[in-house]
Amino acid sequence: MQFQCDTTSRKPIYRQLIDQVRRGIARGQLQPGDRLPSVRQLSRDLVVNPNTVARAYTELEREGTLLTQQGRGVFVAEPGNDLTKKARRKQLSEKLDLLFVEAVHLGFSAGELLTMVQDRIGQFAFVTEEKDAP
Amino acid sequence: MIQINQLQKSFNDKKVLNGIDLEVAPGTVLGLLGKNGSGKSTLIKCALGLLRSTGGTATILGDDAWHLSAATKARLGYVPQEVVSYPWMRVRQVIAYTAAFYPTWNHALVDQLCRQWQLPLEDRVGPLSVGQLQTLGIVLALGHEPDLLILDEPVASLDPSARRHFLQTLIEIIDQPNRTVLFSTHITSDLERVATQLAILREGQISFHGELDELKERVKRLHINSRQELPQSFAVPGALHCEVEGAAATVSVANFNEQLVDQMRTTWNADIAVHDLSLEDIFIELHE
């Protein structure tokens, strides 16, 4: 995966890196067990302060997306989730509502929105259906 | 590494620095941002003992700025805004001449930098372009691998490719522990890449000093849409700018927090959208 950083963006660089890793995983470009460039390597490739890269990695590690193995490197972690399905459903509903607000303001009908969702859903690496746990 | 307390500098009766407090810890890469004429160069020169301050103190690597010891000077690297060198010497000779002053000089590093930046070693310094002179100044300041590197608008005269080379070199330098860098600039994108901290110089004082991300989290633009006409008395505490038009308002704030927004939602019965700002936008918001 190719990282990028945009210094004219409103988003801090560490946030941009976090979003790119999460997007890469969601789109299946990054798989569990894949190794990411080291902090030093990425800092040199992107010409950004190593602290900035370290901050992004630390945050991704804290949320369980990445895993550092001492001496071996930084890897994409196996998917896992501490939150209950109910809590996750609530989080996702909030994000969905944001999408609906945008769609309404951009003048799309519910049907058009559904079609767009169907068209794009294949581009992402969803988990296979799981039983509804409490 | 640098400790500045209540520093003052006046030229005749013109006050340029009016009580500067600034502390730079080892390992920091501090970007000093300010408008033209805000006193960035004056501050740097006072901190280096190149100008005598008219009040307060500046200490650098433990020495008073006006009385720097040779040992301290050997740990310092400085690139002035306008590099002055010996026009009759060849580039190669200026480098050798400078190297002779330092007990430790990394010849391999200097050779590598000269190649990277395509410095014409056999040319005389006199006819070099401003950009080439600046590049030479940077190479000369890096040769003895200083613990503290101070750069006054180091990239102002460099072309985009030389600027990128410079930033790459800077990243390599700060990759080693406890290398401290202070650089003034008004190119916010460079700052965003390499700086860990930011200090904003405004009207002779430091108006902000802290982490870059912290500044971005504090300065936000709020778009307010009320369900009724906003009254004449509409105001937001800590607002930098406020534009009201009927039931809508755009406000930029320097002390953003969620409580403030919640409070405004209820007070003005409004929808509020919070927008991040780029460093450049923030700089402009803070200065106009």
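Residues numbered from 1 in each chain as written. Chains lettered and ligands numbered in written order. Predicted model: local features only at pLDDT ≥ 70, side-chain atom pairs only at ≥ 80, totals over all residues.

**Some words on the overall build of chain A**
If you tally the helices and strands in chain A, you get five helices and three strands. In chain A, the succession of α and β elements from N to C terminus is α-β-α-α-β-β-α-α. Taking the principal axes of its C-alpha atoms as reference, chain A extends roughly 50 × 40 × 25 Å. A fraction of 56% describes how many contacts in chain A between residues 6 or more apart in sequence connect residues 24 or more apart. (Helix = DSSP H or I, 4+ residues; strand = E, 2+ residues; numbered from the N terminus. Contact = placed C-beta atoms within 7 Å.)

**What about the interface of chain B and chain A?**
At the interface, 18 residues of chain B touch 16 residues of chain A. At the level of secondary structure, the elements contributing two or more residues to the side of chain B that touches chain A comprise α6 (160–174), α7 (188–194) and α8 (212–218) of chain B. Of the residues forming the side of chain B that touches chain A, the biggest block, five residues, is contributed by α6 of chain B. Here the side of chain B that touches chain A is built from residues that sort into seven nonpolar, four polar and seven charged. (Nonpolar A, V, L, I, M, F, W, Y, C, P; charged D, E, K, R; others polar.)

**Some remarks on the packing of helix α2 (residues 39–46) of chain A against helix α3 (residues 50–62) of chain A**
How two helices sit against one another is set out by the angle between their axes and by the gap between those axes. All names here are of chain A. Put simply, α2 and α3 touch, their axes get as near as 8 Å, and they point 125° apart. When the axis of α2 is compared with that of α3, the two are oblique. The two elements α2 and α3 meet at a crossing, and its hand is right-handed. From α2, V39, R40, L42 and S43 reach across to α3, where they touch P50, V53, A54 and Y57. (Axes fitted to C-alpha atoms, helices over the stretch in contact; angles between N-to-C directions. Parallel < 35°, antiparallel > 145°, perpendicular 65-115°, else oblique. Left-handed = near helix turned anticlockwise from the far one by under 90°.)

**Considerations on the sheet that holds strand β4 (residues 55–60) of chain B**
Residues and elements named next belong to chain B. Judged by pairing direction, the sheet is antiparallel, and its four strands sit side by side in the order β2-β1-β4-β5 without closing on themselves. Edge positions in the sheet fall to β2 (14–24) and β5 (63–64), since each has one partner strand and no second. Looking at chain direction, strand β1 (residues 2–11) and β2 are connected through eight bridges and run antiparallel. Bridging from a neighbouring strand, L7 pairs with I20 of β2. (Pairing = 2+ DSSP bridges.)

**Some details on helix α4 (residues 85–105) of chain A**
Between the first and last C-alpha of α4 of chain A there are 30 Å, a value that for 21 residues agrees with the 30 Å anticipated at 1.5 Å per step. Within α4 of chain A, only zero of the 21 residues are buried, which leaves the element largely exposed. (Expected span 1.5 Å × (residues − 1). Buried ≥ 20, exposed ≤ 12 C-beta atoms within 10 Å, placed from the backbone.)

**Notes on helix α1 (residues 40–47) of chain B**
Residue and element names in this part refer to chain B. Burial within α1 is extensive, with eight of its eight residues counted as buried. K40, S41, T42, L43, I44, K45, C46 and A47 are the residues of α1 that are buried. Looking one or two residues past α1, G49 carries a phi angle of roughly 75°, positive in sign.

**Observations concerning the domain arrangement of chain A**
Segmenting chain A into domains produces domain 1 (13–76) and domain 2 (81–134). Domain 1 of chain A and domain 2 of chain A are separated by 25 Å when their C-alpha centres are compared. (Domains from an automatic or database assignment.)

**Here's the deal with the nonpolar core**
Most often, soluble globular proteins keep nonpolar side chains buried together rather than apart. A47, I150, L182 and L198 of chain B are the most contacted members of the largest nonpolar core, which has 59 residues in total. Each of two domains, domain 1 (2–215) and domain 2 (219–287) of chain B, supplies a minimum of three residues to this core. Counting 20 residues, the second largest nonpolar core, distinct from the first, contains V21, I25, L60 and V74 of chain A. (Core = buried A, V, L, I, M, F, W, Y, C linked by C-beta atoms within 7 Å.)

**Focus on the environment of K35 of chain B**
Residue and element names in this part refer to chain B. By the element assignment, K35 lies in the loop between β3 (29–33) and α1. K35 gets classed as partly exposed once you count the C-beta atoms within 10 Å, which come to 14. C-alpha of K35 to C-alpha of N269: the two residues are 234 residues apart in sequence and 39 Å apart in space.

**Here we look at the domain arrangement of chain B**
Residues and elements named next belong to chain B. For chain B, the assigned domains read domain 1 (2–215) and domain 2 (219–287). The interface of domain 1 with domain 2 comprises nine residues on the first partner and seven residues on the second. Elements with a contribution of two residues or more to the side of domain 1 that touches domain 2: α7 and β9 (197–202). In terms of residue count, the dominant contributor to the side of domain 1 that touches domain 2 is α7 (three residues).

**Comments concerning the environment of G210 of chain B**
Residue and element names in this part refer to chain B. Structurally, G210 can be placed in strand β10 (residues 205–211). Here the alpha-carbon distance between G210 and L30, two residues 180 residues apart in the chain, equals 9.1 Å. In contact with G210, not counting residues within four places along its chain, are Q197, L198 and L215.

**Structural notes on unusual backbone geometry**
Residues and elements named next belong to chain B. In this structure, Q118 takes a positive phi of about 50° despite not being glycine. Its location among the elements puts Q118 in the loop between α4 (107–116) and α5 (130–142). For E145, which is not glycine, the phi torsion reads 50° and is therefore positive. Relative to the assigned elements, E145 resides in the loop between α5 and β7 (148–152). Judged by local crowding, E145 falls into the partly exposed class, with 16 C-beta atoms found within 10 Å.

**Focus on the environment of M1 of chain A**
All names here are of chain A. Checked against the element boundaries, M1 lands in the segment before α1 (13–26). When the 14 C-beta atoms within 10 Å are taken as the criterion, M1 is described as partly exposed. Sequence-wise, M1 and Q20 are 19 residues apart; in three dimensions their C-alpha atoms are separated by 9.2 Å. The contact partners of M1, leaving out residues within four places of it in the chain, are G24, Q29 and L30.

**Concerning the pairing of strand β8 (residues 180–185) of chain B**
Residue and element names in this part refer to chain B. Counting buried positions along β8 yields six of six residues, so the element is predominantly enclosed. Covered by surrounding structure in β8 are T180, L182 and S184 together with V181, F183 and T185, the residues of both alternating faces. Here β3 pairs with β8 via five bridges, running parallel. Looking at the pairing, G31 lines up with F183 of β8. A crossover connection joins β7 to the parallel β8 through α6; in handedness this β-α-β unit is right-handed. (Right-handed = clockwise from strand over helix to strand, strands pointing away.)

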